[in-house]
Amino acid sequence: VSSEFVYKNIFMNYLQKIGAVKKNITDEYYFSQYSGKHPINVIKELQKYGYVDTNVNMSVEEWDKVFQDEVKKDDGLILSDNILDILAKITTYSNVFMCIATSTHKKDYETKSACKSVSGLKKYFNIDKNVYMAGDVGNKKLKPDPNVFLYAYKDVLLKNNLKDSDNILVMVEDSKSGCKSASSAKKILLEENPNLKINVIGYLATNKYSSAYALKESGADIIVSKPADLEKLLVKLAEEDKNKVSI
């Protein structure tokens, strides 16, 4: 789901409304530096560099309320091109188990998933079964900490009675923060089990301000820029060895 622009617009409109913006923040700067990070963490970094008044001290609960109130007016959320077709194709493989691992908090996710524009995802992802929110699991640290990926992988194994053997793990991310998180998780999991095959895919189709270089530098193993190429790659990994479990 391409929600970054919605987050940014609601976030910046709120800061401007309370008179907290001290310097102009361009889309290019915002998305190149803060894509994938929770607004609460973004505020702290913007304050550090003089963009936002240091007197602003927003809690997660306060952000949740601002986001929920505004996104209901005009959700503006956009599904990545052909993503539902890709999910439908991947779910035909019995050896594939999918999940969402996100820094979005539960209330934000519930608000987003209730929006008509992204309702098609409910067929594949259930908030009580295969959606993992960093602030609610493990050490509760958000991306770029690897917490949410480590927790999600191990919980998927547990819930589906799978063994941590020579599985194939694929993490698809479209931001520097996400790729750093996935790359760190990959390093930890390979130390625990060198037989795992892990791919961090940097996906460019959802963020026009991202770049192959930035995602590579942040830990992506493979860069994909088109939905069709993402589908081909995921199908290839699913079919590589149907006796192996792909997550």
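Since the model is a prediction, treat every value here as computed from it, not as a measurement.

## Thoughts on the sheet that holds strand β5 (residues 222-224)
Moving on, step 1. Spatial ordering of the open sheet is given by β3-β4-β5, a layout of 3 strands whose pairing is parallel. Two strands close off the open sheet at either side, each with one partner strand: β3 (168-173) and β5. Pairwise comparison of adjacent strand axes, ignoring direction, gives a mean angle of 25 degrees for this sheet.
Moving on, step 2. In the packing of helix α8 (residues 176-192) onto the sheet, the strands contacted are β3 and β4 (197-203), and the crossing angle to β4 comes to about 175 degrees.

## Overview of the side chain of D174
Moving on, step 1. Here D174 is to be found in the loop between β3 and α8.
Moving on, step 2. No salt bridge is formed by the buried D174; the nearest opposite charge belongs to K143, separated by 7.3 Å.

## So, the pairing of β3
Moving on, step 1. The buried fraction of β3 is high, at 5 of 6 residues.
Moving on, step 2. Pairing analysis gives 6 bridges linking β3 to β4, with the strands arranged parallel. Of the residues in β4, the one forming a bridge with M171 is V200.
Moving on, step 3. In this region the chain leaves β3, passes through α8 and returns to the parallel neighbour β4; the handedness of that crossover is right-handed.

## Here's the deal with helix α10 (residues 227-240)
For an α-helix, 3.6 residues make a turn, and residues three or four places apart therefore share a direction.
Moving on, step 1. If you check α10, its first and last C-alpha atoms are 20 Å apart, about what 14 residues at 1.5 Å a residue would give, namely 20 Å.
Moving on, step 2. Buried within α10 are the following residues: P227, L230, L233, L234, V235, L237 and A238.
Moving on, step 3. Each element contacted by the buried residues of α10 is listed here: α5 (83-90), β3, β4 and β5.

## Regarding the pattern of salt bridges
Moving on, step 1. A full pass over the atoms with the stated rule returns 6 salt bridges.
Moving on, step 2. Close ionic contact of K154 with E192 constitutes a salt bridge, the shortest N to O distance being 3.3 Å. In this pair, K154 is assigned in helix α7 (residues 147-159) and E192 in helix α8, connecting sequence segments 38 residues apart.
Moving on, step 3. By relative accessible area, E192 is classed as partly exposed at 45%.

## Considerations on unusual backbone geometry
Moving on, step 1. Here the residue pair K143 and P144 is connected by a cis peptide bond, since its omega of 15 degrees sits within 30 degrees of zero.
Moving on, step 2. With respect to the helices, strands and loops of the structure, P144 is situated in the loop between β2 (131-133) and α7.
Moving on, step 3. Even without being a glycine, N161 presents a positive backbone phi close to 55 degrees.
Moving on, step 4. With respect to the helices, strands and loops of the structure, N161 is situated in the loop between α7 and β3.
Moving on, step 5. According to the relative accessible area criterion, N161 is exposed, its value standing at 72%.

## Side note on the nonpolar core
Moving on, step 1. If you look at the biggest cluster of nonpolar residues, it comprises 25 residues, and the most contacted ones within it are V148, F149, Y153, L169, M171, L189 and I198.
Moving on, step 2. For this core, the secondary structure elements donating two or more residues are α7, β3, α8 and β4.
Moving on, step 3. Among the elements that take part in this core, α7 stands out by supplying 7 residues, more than any other.
Moving on, step 4. Not counting chain neighbours up to four residues away, the residues in contact with F149 comprise A101, K143, M171, E173, G178, S181, A182 and A185.
Moving on, step 5. Among the nonpolar cores identified, the runner-up in size contains 22 residues, and Y7, L15, F31 and L46 belong to it.

Cut-offs applied
- Residues numbered from 1 in each chain as written.
- Predicted model: local features only at pLDDT ≥ 70, side-chain atom pairs only at ≥ 80, totals over all residues.
- Heavy atoms only, no water.
- Pairing = 2+ DSSP bridges.
- Helix = DSSP H or I, 4+ residues; strand = E, 2+ residues; numbered from the N terminus.
- Axes fitted to C-alpha atoms, helices over the stretch in contact; angles between N-to-C directions.
- Contact = heavy atoms within 4.5 Å.
- Buried < 20%, exposed > 50% of the residue type's maximum accessible area, 1.4 Å probe, protein only.
- Lys, Arg positive; Asp, Glu negative; His and termini not counted.
- Salt bridge = Lys/Arg side-chain N within 4 Å of Asp/Glu carboxyl O.
- Right-handed = clockwise from strand over helix to strand, strands pointing away.
- Expected span 1.5 Å × (residues − 1).
- Core = buried A, V, L, I, M, F, W, Y, C linked by side-chain atoms within 4.5 Å.

Spatial relationships are all this shows, so hold off on functional conclusions.
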